[in-house]
Amino acid sequence: MRSPLARAEGLGSAKGGVKHWWAERVSAVALVPLTVWFLGSVIAHAGGDYDAVITWLKTPLASLAMIVLLLALFHHTALGLQVVIEDYVHSDARFAALIAVRLGCLALASAGIVATLRIVFSP
Amino acid sequence: MIVESSDQVARFTLLKRFPVPRNFKVTPESRIEKGRTWPAPPGASRIKTFEVYRYDPERDGNPRIDTFEVDLDDCGPMVLDALIWIKNKVDSTLAFRRSCREGVCGSCAMTLDGTNWLACTRFISDMSKPATIYPLANLPVIKDLVPDTTHLFAQYEMIEPWLHATTPTPEKERLQSPQERSQVDGYYECILCFCCTSGCPSHWWNGDRFLGPAVLLQSWRWLADSRDEAKEKRLDTLEDPFRLYRCHTILNCTRTCPKGLNPGKAIAEIKKMVVEREG
């Protein structure tokens, strides 16, 4: 029985969303050089043994770039998957899916960073 | 295509139907069935076949596709002429909206050969064989080719598409330099036919909250107007994860606009303006 205007208004404007959108763009831009660097490094060490890779990752620049890559990558993944879920999941599962994606990306980023730090600080 | 200058004519770009099974996820009562065939009048030599979506809510039964054979020697050059010919000479129960027959009223927007366009600005000779005519997608059908646009106009009403000014009304008109006036070029021409919004996948999935390209282009038309004094209120209304940011730059809107406008660019301009406001 609601009027068409009331239906269109819904709960009103969230007066937000620009931070999410902007963070997605900025992380995407950051990922361009980081991904190029990462792939280049992996190819450069393609024939190398375990020690060579560890030595490379222990250099300050490599470990720093790796941690920034992990942060940007999983932040971008979380933001993007959130949009996909909001687009397509219209049931009660949406809330659970959003939390799962957030926590999953946080867990993966943490695991990657901890692993990198363990390598950096290993004797 | 995007019209860049006034000597260009907007032309549709061919896009064939996306290969999903027919009637995919369509409820049983909406499944389209085969209707009847209306043969051309005897003696007609140049015949064009039109497959037209028919639905009458006052009769039981599913929507159906009727096949009309049109005598091109007795009919004008546009698809709308063919529809009027059918209504006058074959089946007077065929329902469709039309008014200006020259692409400025936006009434006869429909899905022609799978893409949205105005029936009055599409040449019959540009249609495939057989030509297909459906109502605009993703809208409730009132009858045949007449969709219910109530929700779309409610969304339009929500953005308050008129000049907001607190400066007292001057004795004459509110002045605008030619340069300021040019800022609404490419946006003020929108005729609200909703070809774009009907073709927008984001509006298909979240049309209850996402405003859609037509309404967002109209929002930008007022945000870009130098005389308007309600940017804060307008941006507050729009800045919402669903109302504005459901646009993922799919650009079906720009492809299908029969006026050659670029709703995708208008939405990008709104997003840029919101970022600018943030600092």
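Calculation rules
Residues numbered from 1 in each chain as written. Chains lettered and ligands numbered in written order. Predicted model: local features only at pLDDT ≥ 70, side-chain atom pairs only at ≥ 80, totals over all residues. Heavy atoms only, no water. Helix = DSSP H or I, 4+ residues; strand = E, 2+ residues; numbered from the N terminus. Rg over C-alpha atoms; globule rule 2.2 N^0.38 Å. Contact = heavy atoms within 4.5 Å. Areas by Shrake-Rupley, 256 points an atom, 1.4 Å probe, with all protein chains shown as cover. Lys, Arg positive; Asp, Glu negative; His and termini not counted. Charge placed at Lys NZ, Arg CZ, Asp CG, Glu CD. Buried < 20%, exposed > 50% of the residue type's maximum accessible area, 1.4 Å probe, protein only. Expected span 1.5 Å × (residues − 1). Buried area = accessible area lost by both parts, 1.4 Å probe. Salt bridge = Lys/Arg side-chain N within 4 Å of Asp/Glu carboxyl O. Polar contact = N/O pair within 3.5 Å; in protein donor to acceptor, adjacent residues only side chain to side chain. Nonpolar A, V, L, I, M, F, W, Y, C, P; charged D, E, K, R; others polar. Domains from an automatic or database assignment.

1. Re the overall build of chain A
Here is step 1 of the chain: In terms of regular secondary structure, chain A is built from five helices and zero strands.
Here is step 2 of the chain: Its C-alpha radius of gyration of 20 Å places chain A more than 25% over the 14 Å reference for a compact globule of 123 residues.
Here is step 3 of the chain: Expressed as a percentage of contacts within chain A between residues at least 6 apart in sequence, the contacts between residues at least 24 apart total 72%.
Here is step 4 of the chain: A total of about 8000 Å² of accessible surface is found on chain A, and carbon and sulfur atoms cover 74% of it.
Here is step 5 of the chain: When the 9 positive and 7 negative side-chain charges of chain A are each reduced to one mean point, those points stand 9 Å apart.

2. Side note on the overall build of chain B
Here is step 1 of the chain: What chain B contains, in helices and strands, is nine helices and eight strands.
Here is step 2 of the chain: In terms of overall size, chain B behaves like a compact globule, its C-alpha atoms giving a radius of gyration of 21 Å where 279 residues would be expected to give roughly 19 Å.
Here is step 3 of the chain: Each of the three principal axes of chain B carries a C-alpha extent, and together these read 65 × 40 × 30 Å.
Here is step 4 of the chain: Looking at the 279 residues of chain B, the share that counts as buried comes to 48%.
Here is step 5 of the chain: Partitioning the contacts of chain B with sequence separation of at least 6, the portion at a separation of at least 24 is 66%.
Here is step 6 of the chain: Looking at chain B as shown, the accessible area adds up to about 14200 Å², and 53% of this sits on carbon and sulfur atoms.
Here is step 7 of the chain: Of note, chain B has its 38 positive side-chain charges centred 4 Å away from the centre of its 38 negative side-chain charges.

3. Section: helix H9 (residues 263–278) of chain B
Here is step 1 of the chain: For H9(B), spanning 16 residues, the distance from its first C-alpha to its last is 23 Å, which sits close to the expected 22 Å at 1.5 Å a residue.
Here is step 2 of the chain: Listed in full, the buried residues belonging to H9(B) are B:Pro263, B:Gly264, B:Ala266, B:Ile267, B:Glu269, B:Ile270, B:Lys271, B:Met273, B:Val274 and B:Val275.
Here is step 3 of the chain: Looking at the buried residues of H9(B), the elements they touch are helix H2 (18–44) of chain A together with helix H4 (195–198), helix H6 (212–223), helix H7 (231–238) and helix H8 (252–256) of chain B.
Here is step 4 of the chain: Once H9(B) finishes, B:Gly279 follows within two positions and takes phi at roughly 125°, a positive value.

4. Description of the interface of chain B and chain A
Here is step 1 of the chain: Chain B puts 24 residues into the contact, and the matching count from chain A is 21 residues.
Here is step 2 of the chain: Taken together, both faces of the contact between chain B and chain A bury some 2000 Å²; the carbon and sulfur share is 57%.
Here is step 3 of the chain: Across the pair A:Lys19 and B:Glu278 runs a salt bridge whose closest N-O atoms are separated by 3.2 Å.
Here is step 4 of the chain: In this assembly, chain B and chain A are joined by 15 residue pairs in polar contact (both at pLDDT 80 or more).
Here is step 5 of the chain: Those elements that provide at least two residues to the side of chain B that touches chain A are helix H2 (150–158), helix H5 (201–206), H7 and H9 of chain B.
Here is step 6 of the chain: Examining the composition of the side of chain B that touches chain A, we find that six residues originate from one element, H2(B), more than from any other.
Here is step 7 of the chain: When the residues that make up the side of chain B that touches chain A are grouped by side-chain class, the tally is eight nonpolar, six polar and ten charged.

5. Thoughts on the domain arrangement of chain B
Residues and elements named next belong to chain B.
Here is step 1 of the chain: Per the domain assignment, the segments making up chain B are domain 1 (28–146) and domain 2 (150–163 + 175–278).
Here is step 2 of the chain: In this structure, domain 1 and domain 2 have C-alpha centres spaced 30 Å apart.
Here is step 3 of the chain: Opposite the 13 residues of domain 1 that make contact, domain 2 presents 14 residues.
Here is step 4 of the chain: Of all residues in domain 1, the largest losses of buried area upon contact with domain 2 belong to Asn-116, Trp-117 and Asn-138, amounting jointly to 43% of the total for that side.
Here is step 5 of the chain: In this assembly, domain 1 and domain 2 are joined by zero salt bridges.
Here is step 6 of the chain: Counting the contacts that link domain 1 with domain 2 gives six residue pairs in polar contact (both at pLDDT 80 or more).
Here is step 7 of the chain: Here the side of domain 1 that touches domain 2 gets four residues from one element, more than from any other, and that element is strand E5 (residues 115–118).
Here is step 8 of the chain: The class makeup of the residues in the side of domain 1 that touches domain 2 is eight nonpolar, five polar and no charged.

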